[in-house]
Amino acid sequence: MVIRIASVVLSLCGSLTLLLGLLLWSNIAPNLIQMHMLLGFLAVGALWVIGVAQAFAKGGSRVVAALALIVGVAMISLGMTQSSLMVGEFHWVIQVLHLLLGLLVIGIGHMGAARYPRGAPR
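A word on the overall build of the protein
And step 1. When helices and strands are counted, the protein shows 4 helices and 0 strands.
And step 2. Counting from the amino terminus, helix and strand elements in the protein follow one another as α-α-α-α.
And step 3. Computed over the C-alpha atoms, the radius of gyration of the protein is 15 Å, within 12% of the 14 Å expected from 2.2 N^0.38 for a compact globule of 122 residues.
And step 4. Its C-alpha atoms put the protein at 50 × 20 × 15 Å along the principal axes.
And step 5. Expressed as a percentage of its 122 residues, the buried residues of the protein come to 39%.
And step 6. Here the analysis covers contacts within the protein between residues at least 6 apart in sequence; of these, 66% occur between residues at least 24 apart.
And step 7. For the protein, the accessible area works out to roughly 7300 Å², and carbon and sulfur atoms hold 75% of it.

In C-alpha coordinates form, the structure reads like this:
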(Lines give C-alpha, C1' and ligand atoms only; values in the text may rest on other atoms or scores of the structure.)
Protein backbone atom coordinates (compact mmCIF):
# COMPACT_ATOMS: atom_id res chain seq x y z
CA MET A 1 0.00 0.00 0.00
CA VAL A 2 2.85 2.39 0.81
CA ILE A 3 4.36 1.87 -2.63
CA ARG A 4 1.04 2.65 -4.33
CA ILE A 5 0.63 5.84 -2.30
CA ALA A 6 4.23 6.88 -3.03
CA SER A 7 3.66 6.19 -6.72
CA VAL A 8 0.51 8.34 -6.78
CA VAL A 9 2.26 11.15 -4.87
CA LEU A 10 5.15 10.90 -7.33
CA SER A 11 2.81 11.08 -10.32
CA LEU A 12 0.80 14.03 -9.02
CA CYS A 13 3.68 16.05 -7.60
CA GLY A 14 5.99 15.21 -10.48
CA SER A 15 3.45 16.24 -13.11
CA LEU A 16 2.57 19.48 -11.33
CA THR A 17 6.24 20.25 -10.75
CA LEU A 18 6.99 19.78 -14.43
CA LEU A 19 4.07 22.02 -15.38
CA LEU A 20 5.10 24.74 -12.93
CA GLY A 21 8.71 24.44 -14.05
CA LEU A 22 7.70 25.08 -17.65
CA LEU A 23 5.63 28.08 -16.54
CA LEU A 24 8.60 29.39 -14.58
CA TRP A 25 10.96 28.77 -17.47
CA SER A 26 8.74 30.75 -19.83
CA ASN A 27 8.40 33.49 -17.17
CA ILE A 28 4.61 33.17 -17.06
CA ALA A 29 4.40 32.50 -13.32
CA PRO A 30 7.60 33.70 -11.60
CA ASN A 31 5.86 33.95 -8.21
CA LEU A 32 5.25 30.17 -8.01
CA ILE A 33 8.85 29.14 -7.27
CA GLN A 34 8.07 28.12 -3.69
CA MET A 35 5.20 25.88 -4.83
CA HIS A 36 7.47 24.34 -7.48
CA MET A 37 10.10 23.63 -4.83
CA LEU A 38 7.59 22.12 -2.38
CA LEU A 39 6.16 19.81 -5.02
CA GLY A 40 9.69 18.88 -6.07
CA PHE A 41 10.61 17.96 -2.49
CA LEU A 42 7.47 15.81 -2.24
CA ALA A 43 8.29 14.06 -5.52
CA VAL A 44 11.85 13.31 -4.36
CA GLY A 45 10.49 12.13 -1.00
CA ALA A 46 8.17 9.71 -2.78
CA LEU A 47 11.12 8.53 -4.91
CA TRP A 48 13.13 7.86 -1.75
CA VAL A 49 10.25 5.90 -0.17
CA ILE A 50 10.16 3.69 -3.24
CA GLY A 51 13.96 3.39 -3.22
CA VAL A 52 14.07 2.39 0.45
CA ALA A 53 11.33 -0.17 -0.17
CA GLN A 54 13.40 -1.61 -3.03
CA ALA A 55 16.48 -1.79 -0.81
CA PHE A 56 14.80 -3.67 2.02
CA ALA A 57 12.29 -5.86 0.18
CA LYS A 58 13.14 -9.49 -0.38
CA GLY A 59 13.91 -9.67 -4.07
CA GLY A 60 14.16 -5.88 -4.36
CA SER A 61 16.71 -4.16 -6.55
CA ARG A 62 19.61 -2.49 -4.79
CA VAL A 63 20.55 -0.81 -8.08
CA VAL A 64 17.14 0.90 -8.27
CA ALA A 65 17.48 1.87 -4.60
CA ALA A 66 20.92 3.39 -5.20
CA LEU A 67 19.74 5.23 -8.32
CA ALA A 68 16.78 6.61 -6.39
CA LEU A 69 19.05 7.97 -3.68
CA ILE A 70 21.63 9.43 -6.10
CA VAL A 71 19.12 11.03 -8.46
CA GLY A 72 17.13 12.45 -5.53
CA VAL A 73 20.21 14.04 -3.97
CA ALA A 74 21.33 15.39 -7.36
CA MET A 75 17.89 16.87 -8.01
CA ILE A 76 17.66 18.62 -4.66
CA SER A 77 21.25 19.87 -4.90
CA LEU A 78 20.81 21.24 -8.40
CA GLY A 79 17.36 22.64 -7.69
CA MET A 80 18.52 24.55 -4.61
CA THR A 81 21.59 26.03 -6.32
CA GLN A 82 20.54 26.39 -9.95
CA SER A 83 19.86 30.14 -9.79
CA SER A 84 23.56 30.75 -9.06
CA LEU A 85 24.98 28.28 -11.60
CA MET A 86 26.15 29.43 -15.04
CA VAL A 87 24.40 32.76 -14.66
CA GLY A 88 24.05 34.50 -17.98
CA GLU A 89 23.75 33.40 -21.55
CA PHE A 90 24.23 29.67 -20.93
CA HIS A 91 21.97 29.26 -17.89
CA TRP A 92 19.61 27.30 -20.13
CA VAL A 93 22.07 24.37 -19.86
CA ILE A 94 21.40 24.18 -16.11
CA GLN A 95 17.67 24.45 -16.72
CA VAL A 96 17.73 21.58 -19.22
CA LEU A 97 19.78 19.48 -16.79
CA HIS A 98 17.25 20.24 -14.06
CA LEU A 99 14.41 19.21 -16.39
CA LEU A 100 16.17 15.95 -17.28
CA LEU A 101 16.76 15.16 -13.61
CA GLY A 102 13.07 15.81 -12.96
CA LEU A 103 12.13 13.32 -15.65
CA LEU A 104 14.60 10.84 -14.12
CA VAL A 105 12.99 11.26 -10.69
CA ILE A 106 9.61 10.35 -12.13
CA GLY A 107 10.94 7.56 -14.35
CA ILE A 108 13.10 5.84 -11.74
CA GLY A 109 10.33 6.15 -9.17
CA HIS A 110 7.79 4.47 -11.42
CA MET A 111 10.30 1.84 -12.48
CA GLY A 112 11.01 1.08 -8.82
CA ALA A 113 7.30 0.89 -8.01
CA ALA A 114 6.63 -1.41 -10.97
CA ARG A 115 9.59 -3.67 -10.07
CA TYR A 116 8.57 -3.97 -6.44
CA PRO A 117 8.39 -7.70 -5.65
CA ARG A 118 4.88 -9.05 -6.04
CA GLY A 119 5.00 -11.18 -2.91
CA ALA A 120 6.23 -8.35 -0.70
CA PRO A 121 3.71 -6.42 1.39
CA ARG A 122 2.73 -3.19 -0.32
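Overview of helix H2 (residues 33-56)
And step 1. Counted at 1.5 Å a residue, the expected span for H2 with its 24 residues is 34 Å, and the 35 Å between its end C-alpha atoms agrees.
And step 2. Where H2 is buried, its residues touch helix H1 (2-25), helix H3 (62-81) and helix H4 (91-114).

Parameters at a glance
Residues numbered from 1 in each chain as written. Predicted model: local features only at pLDDT ≥ 70, side-chain atom pairs only at ≥ 80, totals over all residues. Heavy atoms only, no water. Helix = DSSP H or I, 4+ residues; strand = E, 2+ residues; numbered from the N terminus. Rg over C-alpha atoms; globule rule 2.2 N^0.38 Å. Buried < 20%, exposed > 50% of the residue type's maximum accessible area, 1.4 Å probe, protein only. Contact = heavy atoms within 4.5 Å. Areas by Shrake-Rupley, 256 points an atom, 1.4 Å probe, with all protein chains shown as cover. Expected span 1.5 Å × (residues − 1).

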